[in-house]
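Residues per chain are reported as follows:
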Amino acid sequence: MILYDYFRSSAAYRVRIALNLKQVEHERVQVHLVKGDQREADYLARNPQGLVPALDIGGGVVLTQSLAIIEWLDATYPAPRLIPAEPLARARAMAQALTIAADIHPIDNLRVLRRLKSQFGADEDATGEWYRHWIALGFAALETMAGSGAGPFLGGEAPGIADVMLVPQMFNARRYDLPLDAYPRLVAADAAARALEPFAAASPDRSAPE
């Protein structure tokens, strides 16, 4: 199994966490987004969107989109389960996960920031403000959705899909200097998750190419 990865991609970071939690052996191939590796013909043949991650599972099959990959991993390697089986619990967990994966991340990723600069003349200060605005909006909603919680994680007593989404987004929030005092539940869940080796090993600090 080969993970086409970029160490700072939050979407790839999610899949690294899931693979680690499920102890799935895999190789990693760096696709350097800043250098434009994702636009090379050989990579576009694997993932026509030119995004990471992509997971080659063998037999000529390549999976794309982090949530789709994690759903496949959950079905194929069911322990530990990340997405609840019970319908109501599943819906609530996916709503939290999608607050990040569908509402925050798509408008804060590298290609959007580059477009803001190239088409609208945004400078570093403006793009940073854009980035922080959308994280803060999503985090405010997610903090309320999470409530007091039944355990240290957004997933309860064990980390779940919402935690897998949260930790990479918290990394980005800190990287862009977003104040986090307004999100104590998210900060606590993030700290609990990052204390676990599968999360720690997936961090950009430990996943950067040598």
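In what follows, the structure referred to is the one given above.
This one's a predicted model, so the numbers in the text were calculated from it and none came from an experiment. (Residues numbered from 1 in each chain as written. Predicted model: local features only at pLDDT ≥ 70, side-chain atom pairs only at ≥ 80, totals over all residues. Heavy atoms only, no water.)

Trainee: Explanation requested: the pattern of salt bridges in the structure shown.
Mentor: Think of it this way: side chains of opposite charge can pair up when their charged atoms draw near. A full pass over the atoms with the stated rule returns 9 salt bridges. A salt bridge links E71 to R90; the shortest N-O distance between them is 2.9 Å. Taken as a pair, E71 in helix 3 (residues 66-76) and R90 in helix 4 (residues 87-104) lie far apart in primary sequence, 19 residues in all. Relative accessible area serves as the criterion here: at 32%, R90 is assigned to the partly exposed category. Residues K117 and E124 are paired through a salt bridge, measuring 2.6 Å at the closest nitrogen-oxygen approach. (Salt bridge = Lys/Arg side-chain N within 4 Å of Asp/Glu carboxyl O. Helix = DSSP H or I, 4+ residues; strand = E, 2+ residues; numbered from the N terminus. Buried < 20%, exposed > 50% of the residue type's maximum accessible area, 1.4 Å probe, protein only.)

Trainee: Help me out: how do you make sense of the sheet that holds strand 1 (residues 2-5) in this one?
Mentor: Strand pairing in a sheet relies on backbone hydrogen bonds, with the paired strands running either antiparallel or parallel. The strand order across the open sheet built from 4 strands is 2-1-3-4, with neighbouring strands paired in mixed fashion. Strands at the two margins of the open sheet, each flanked by one partner only, are strand 2 (27-30) and strand 4 (61-64). Looking at each pair of strands side by side, their axes are set apart by 25° on average, direction ignored. Alignment of strand 3 (residues 54-58) against strand 4, held across 4 bridges, turns out to be antiparallel. (Pairing = 2+ DSSP bridges. Axes fitted to C-alpha atoms, helices over the stretch in contact; angles between N-to-C directions.)

Trainee: Just checking my understanding: could you explain the packing of helix 1 (residues 10-21) against helix 7 (residues 161-175) for this structure?
Mentor: Describing two packed helices takes the angle between their axes plus the distance from one axis to the other. Between helix 1 and helix 7, the shortest axis-to-axis distance is 9 Å and the interhelical angle comes to 135°. Classified by the angle their axes make, helix 1 and helix 7 are oblique. Where helix 1 crosses over helix 7, the two elements pack in a sense that is right-handed. Here helix 1 contributes S10, Y13, R14, I17 and L21 to the contact with helix 7, which in turn contributes V164, M165, V167, P168, F171 and N172. (Parallel < 35°, antiparallel > 145°, perpendicular 65-115°, else oblique. Left-handed = near helix turned anticlockwise from the far one by under 90°. Contact = heavy atoms within 4.5 Å.)

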